[in-house]
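# Structural overview for review
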Amino acid sequence: MWQGNHTSLEDFILEGLFEDSPTHLFLFSLTMMAFFIAVSANSLIILLICADPRLHTPMYFLLSQLSLMDLMHVSTTIPKMAANYLSGKKSISFVSCATQHFLYLSVGGAECLLLALMSYDRYVAICHPLRYTVLMSRKLVVMIAVMTWLRASTNSLIHTVVLMHFPFCGSRKIHHFYCEFPAVVKLVCGDITVYENTVYISSIIVLLLPICLVSASYAFIIHSVIQMRTAGSKRNAFATCSAHITVVFLWFGSCIFTYMRPRSQRTPQQDKVGSVFYSIITPTLNPLIYTLRNKEVAKALRKVLGRGIVTQ
């Protein structure tokens, strides 16, 4: 599969996120704390949705998919970074780098599409409540979710195979803490301007199409909310959308910062900051946002905690 260069199967060197200093040790501790919160909180949401029959609806099925994606995202990047920092080793094998690139790109692409689907779910629930069970049937939602995973995985596989087919030269040092595309592509030998432009256009489509769908959904939602007569109905409508809007801004904002800037305007430090935001901070905040802003999830959590106290 990867036969572009005889030396291409050599290990890469990950620069990492932290250095050997008390300040960076403290930041590493905070990162690991965020990692454990992200893993625990996202796992808890998935378990709550599976365990509580009241949450067996399209909206919460999509939320469980979002939590699964966030769980996979942090699990793909943070453990390797932590292992390298604690061991002092910075190498990552060629196959591990390719696998990491495929997984993070698959999950990232799927999350973009999923957030658009979640906005459509809110549009149907608010603008067409009487037709909700027809337009958002469980079978249809599951089928769209599967197609989302397949489409994102296929796109990621193509980009990963093409990227890893190129010959790499120089020190093979990746100025990043995981094998993210902008950092890996800088190590490629030769002129790949056409390929980079193709990826840039692809990134714009992958990001802007879901953003357009989200924007259109919320334009219709706002129009419907304005026409509602009671203040209580307006509050309930905005309450059901507020958590999703917050997650959309966090995710797409950091992705646009990383992937829609020309290569000439990027620096390794900026790429790291953007990646920290959507690979660590966003997966940590998403379950907290949905737990705090969503009454049904909070109610299910209290129910489970109440059972635990009674059992003890």
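So, how was this worked out
- Residues numbered from 1 in each chain as written.
- Predicted model: local features only at pLDDT ≥ 70, side-chain atom pairs only at ≥ 80, totals over all residues.
- Heavy atoms only, no water.
- Helix = DSSP H or I, 4+ residues; strand = E, 2+ residues; numbered from the N terminus.
- Expected span 1.5 Å × (residues − 1).
- Bend = angle between axes of the 7 residues up to and from the residue.
- Phe/Tyr/Trp six-rings, centres within 6.5 Å; stacked < 30°, edge-to-face > 60°.
- Buried < 20%, exposed > 50% of the residue type's maximum accessible area, 1.4 Å probe, protein only.
- Patch = residues over 30% accessible without salt bridge, like charges linked within 9 Å, V, L, I, M, F, W, Y side chains within 5 Å.
- Areas by Shrake-Rupley, 256 points an atom, 1.4 Å probe, with all protein chains shown as cover.
- Salt bridge = Lys/Arg side-chain N within 4 Å of Asp/Glu carboxyl O.
- Axes fitted to C-alpha atoms, helices over the stretch in contact; angles between N-to-C directions.
- Left-handed = near helix turned anticlockwise from the far one by under 90°.
- Contact = heavy atoms within 4.5 Å.
- Nonpolar A, V, L, I, M, F, W, Y, C, P; charged D, E, K, R; others polar.
- Disulfide = S-S within 2.5 Å.

Turning our attention to helix α8 (residues 231–259). Over its 29 residues, α8 runs 40 Å from end to end, which matches the ideal 42 Å to within 8%, given 1.5 Å per residue. The largest bend along α8 reaches roughly 35° and is located at Cys241.

Right, let's talk about the packing of aromatic side chains for a bit. Tallied over the entire structure, the rule returns 13 aromatic pairs. Aromatic pair Phe18 and Tyr85: ring centres 6.0 Å apart, planes at 75°, arrangement edge-to-face. With a gap of 67 residues between them, Phe18 in the loop between β1 (12–14) and α1 (22–51) and Tyr85 in helix α2 (residues 58–87) connect regions that are remote in the sequence. Relative accessible area serves as the criterion here: at 18%, Tyr85 is assigned to the buried category.

As a further point, take a nonpolar patch on the surface. Together, Phe26, Leu27, Leu30, Met33, Ile37, Phe277, Ile281, Leu285 and Leu288 line one region of the surface with nonpolar side chains, adding up to about 730 Å² of accessible area. Those elements giving two or more residues to the nonpolar patch turn out to be α1 and α9 (268–293). Considering each element in turn, the nonpolar patch owes the most residues, five residues, to α1. In this fold, Leu27 is placed in helix α1.

It is at 8 Å that the axes of helix α3 (residues 94–127) and helix α5 (residues 138–165) come closest, and there the two elements cross at 145°. Judged by the sense of rotation from one axis to the other, the crossing of α3 with α5 is right-handed. Residues Phe94, Cys97, Ala98, His101, Phe102, Leu105, Ser106, Gly109, Ala110, Leu113, Leu114 and Leu117 of α3 lie in contact with α5, whose contacting residues are Ile144, Thr148, Trp149, Arg151, Ala152, Ser153, Ser156, Leu157, His159, Thr160, Leu163 and Met164. Its residues assigned to classes, the contact of α3 with α5 comprises 15 nonpolar, eight polar and one charged.

Take the state of the cysteines next. Applying the stated criterion to the full structure yields two disulfides. The side chain of Cys97 participates in a disulfide bridge whose partner is Cys179; the two sulfur atoms lie 2.1 Å from each other. Between Cys97 and Cys179 the sulfur-sulfur dihedral comes to about -125°; the bridge is accordingly left-handed. Of this pair, Cys97 sits in helix α3 while Cys179 sits in the loop between β3 (173–174) and α6 (181–184); the two residues are 82 residues apart in sequence, bridging distant segments of the chain.

Applying the stated rule across the entire model yields three salt bridges. Its salt-bridge partner being Lys272, residue Glu15 comes within 2.7 Å of it at the nearest N-O pair. Separated by 257 residues along the polypeptide, Glu15 in the loop between β1 and α1 and Lys272 in helix α9 bring together distant segments of the chain. One salt bridge in this structure joins Asp121 and Arg122, with 2.8 Å as the shortest N-O distance. No difference in accessibility class separates Asp121 from Arg122, as the two residues are buried.

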